[in-house]
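# Inside the fold
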Amino acid sequence: MAYRRISNQVAVGGAIVVVGLVLLANSTGLYDTSGLFRYIPSLFVLVGLYALVASGFRNVGGPLVLIAVAGAWQAVALDLVTGSQVLSLWPVLIVILGLSVVLGRVRSSVEPVTGDRVDLVAIFGGRNARVTSNRFTGGAITALFGAVELDLRDVVELEDTARINVTSLFGGAEITVPRGWNVQIDVIPIFGGAEDERPRREIEHDRVDLVVSGFCGFGGVSLKD
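Given the structure is predicted, the values throughout are model-derived calculations rather than measurements.

As a further point, take the sheet that holds strand β1 (residues 111-113). Sheets are built from strands paired through backbone hydrogen bonds, the pairs being either parallel or antiparallel. Taken in spatial order, the six strands line up as β1-β3-β5-β7-β11-β9 in an open sheet, and their pairing is parallel. A strand with exactly one partner marks an edge of an open sheet, and here the two such strands are β1 and β9 (193-196). Across the sheet, the mean angle separating the axes of adjacent strands is 15° when strand polarity is ignored. As defined by bridge partners, β1 adjoins strand β3 (residues 126-131) across three bridges and the pair is classed as parallel. When the bridges of β3 are listed, V113 appears paired with V131.

Let's shift gears to helix α3 (residues 61-77). Compared with an ideal rise of 1.5 Å per residue, which puts 17 residues at 24 Å, α3 spans 24 Å between its outermost C-alpha atoms and is within 8% of the ideal. Inspection of α3 places G61, P63, L66, I67, A70, Q74 and A75 among the buried residues, and these make up the whole buried set. Just past α3, the residue D79 takes up positive phi, approximately 60°.

The next subject is the sheet that holds strand β2 (residues 117-123). On the basis of which strands lie adjacent, the open sheet formed by five strands has the order β2-β4-β6-β10-β8 and parallel pairing. Sheet topology places β2 and β8 (183-190) at the edges, where each strand pairs with a single neighbour. On average, each strand axis in the sheet is inclined to that of its neighbour by 5°, with strand direction left out of account. As judged from the seven bridges shared by β2 and strand β4 (residues 138-144), these two strands associate in the parallel manner. Across the sheet, the residue bridging to V118 is G139, located in β4.

Once that is clear, we can look at the pattern of salt bridges. Tallying each qualifying case throughout the model produces ten salt bridges. Between K224 and E174 there is a salt bridge, with the nearest N and O atoms lying 3.3 Å from each other. Taken together, the positions of K224 in strand β11 (residues 220-224) and E174 in strand β7 (residues 172-176) put the pair 50 residues apart, joining distant regions of the chain. Residue classification places K224 among the partly exposed positions, given a relative accessible area of 31%. Note that R179 and D225 form a salt bridge whose closest N and O atoms lie 3.9 Å from each other. Here the residue R179 occupies a position in the loop between β7 and β8, and D225 occupies one in the segment after β11, the gap between them amounting to 46 residues. Here R179 falls in the exposed class, since its relative accessible area comes to 54%. Beyond isolated ion pairs, a larger network of salt bridges with shared partners links R130, D151, R153 and D154.

Attention now goes to the packing of aromatic side chains. This model, assessed by the stated rule, comprises five aromatic pairs. Each ring, one from F124 and one from F145, has its centre 5.1 Å from the other, and the planes form 5°; the classification is stacked. In this pair, F124 sits in the loop between β2 and β3 while F145 sits in the loop between β4 and β5 (147-151), placing the two residues 21 residues apart along the sequence. Put simply, the rings of F124, F145, F170, F191 and F218 pair up and form one aromatic cluster.

Let us now look at the side chain of R198. Position of R198 among the secondary structure elements: in the loop between β9 and β10 (210-217). There is a polar contact of 2.8 Å between the side chain of R198 and the backbone oxygen of W181. The residues contacting R198, other than those within four sequence positions of it, are V177, P178, R179, W181, V183, L223, K224 and D225.

So, about the nonpolar core. Ranked by internal contacts, the top residues of the largest apolar core, which has 28 residues, are F136, L150, L152, I164, L210 and V212. Among all residues touching F136, those that are not within four sequence positions of it are D116, V118, V131, L152, V155, L158, A162 and I164. Counting residues in each nonpolar core, the second largest holds six residues, with V12, A51, A54 and V121 among its members.

To continue, consider the pairing of β3. Every second residue of β3 is oriented toward a common face, the buried set being R127, A129 and V131 and the non-buried set G126, N128 and R130. One ladder, built from five bridges, connects β3 with β5; its direction is parallel. Bridging from a neighbouring strand, R127 pairs with V148 of β5.

What counts and how
- Residues numbered from 1 in each chain as written.
- Predicted model: local features only at pLDDT ≥ 70, side-chain atom pairs only at ≥ 80, totals over all residues.
- Heavy atoms only, no water.
- Pairing = 2+ DSSP bridges.
- Helix = DSSP H or I, 4+ residues; strand = E, 2+ residues; numbered from the N terminus.
- Axes fitted to C-alpha atoms, helices over the stretch in contact; angles between N-to-C directions.
- Expected span 1.5 Å × (residues − 1).
- Buried < 20%, exposed > 50% of the residue type's maximum accessible area, 1.4 Å probe, protein only.
- Salt bridge = Lys/Arg side-chain N within 4 Å of Asp/Glu carboxyl O.
- Phe/Tyr/Trp six-rings, centres within 6.5 Å; stacked < 30°, edge-to-face > 60°.
- Polar contact = N/O pair within 3.5 Å; in protein donor to acceptor, adjacent residues only side chain to side chain.
- Contact = heavy atoms within 4.5 Å.
- Core = buried A, V, L, I, M, F, W, Y, C linked by side-chain atoms within 4.5 Å.

Right under this line is the structure:
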């Protein structure tokens, strides 16, 4: 029996739901979860680690800074170190910044996607991907305090309408499509924007090549060619 891999978008959404349920249980008095609040920094450490793995270690600067800051915060919360001791280690952030620059030069900033679907997550950083498959069917983009750039100009033709679901919260997603594509945007913007920035054309075929749906809050989703 074949099992379908859980997408990054489902994993991120599921984690947010769990956090919401814990807060709801405490606020309604259903269950006392106040003891868990002491370990909130560990949650941000996990988010940083997840962002590193999900990006294939291409996005390192933002996640590493998040891990370092949250890890220090957790150590202080557990009384393992004092706040003054943590502040004395601030040059570590400069070291992390240098490492992110070096790793960015070693690895290409544009990651090729050869499969028929994309699953891109940017958390406290950026992702830049280019699809090289001619059998592209769609996928998911998640940008939380980060930005995703997706280039579809190498997709020659589509067997059917491709669909991309975007979740952008305090972040942005920019999708570049072939010049002749007919794209439909069904993104719900809340304190954000979703627009097709391509110049209008007099002639456009009726078939919809790409549908971009999802949610955008305090961020933006844009389409370019």
